[in-house]
Amino acid sequence: MKKMMDIESLVIEKNIPVKSRKERWELLAKKMNVGDSILFSDYQKARGLFNAFKRMSMDCEGFTEGDSHRLWKTGESK
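Before going into details, it helps to say that this report is about the structure given with it. From a predicted model like this one, the values you see are computed outputs, not experimental measurements.

## A look at the packing of helix 1 (residues 21-31) against helix 2 (residues 43-55)
Next, step 1: Their axes nearest at 8 Å, the elements helix 1 and helix 2 cross at an angle of 75°. Classed by the angle they form, the pair helix 1 and helix 2 counts as roughly perpendicular. Contacts from K22, W25, E26, L28 and A29 of helix 1 reach helix 2 at K45, G48, L49, A52, F53 and R55.
Next, step 2: Each residue belonging to the contact of helix 1 with helix 2 can be placed in one class, and the counts come to six nonpolar, one polar and four charged.

See below:
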């Protein structure tokens, strides 16, 4: 049997910025140096980083390695 959540113990917080999934990938792209790569086992996550590179006008290359996907940062913002 699941324990019921005590709603009275929850704290409402204000002015906390919402981090989007897009922002998470953009932060990762900014941390990478040209020539760095990441190997993803999940295509959707690889696609998220790829899209972040494109949104920020950064160059990247991607290839499939078996069932995995690798992305390289190949250039900085234009």
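Read on, since the account is not over.
## Here's the deal with the sheet that holds strand 2 (residues 59-65)
Next, step 1: Read across the sheet, three strands follow the order 1-3-2 without closing on themselves; strand pairing throughout is antiparallel. Where the open sheet ends on each side, the last strands, each with one partner, are strand 1 (37-40) and strand 2. Here the strands of the sheet are splayed against their neighbours by 20° on average, with no regard to which way each runs.
Next, step 2: Where strand 1 and strand 3 (residues 68-75) come together, four bridges link them in antiparallel fashion. The partner of I38 across the bridge, within strand 3, is L71.

Calculation notes
Residues numbered from 1 in each chain as written. Predicted model: local features only at pLDDT ≥ 70, side-chain atom pairs only at ≥ 80, totals over all residues. Heavy atoms only, no water. Axes fitted to C-alpha atoms, helices over the stretch in contact; angles between N-to-C directions. Helix = DSSP H or I, 4+ residues; strand = E, 2+ residues; numbered from the N terminus. Parallel < 35°, antiparallel > 145°, perpendicular 65-115°, else oblique. Contact = heavy atoms within 4.5 Å. Nonpolar A, V, L, I, M, F, W, Y, C, P; charged D, E, K, R; others polar. Pairing = 2+ DSSP bridges.

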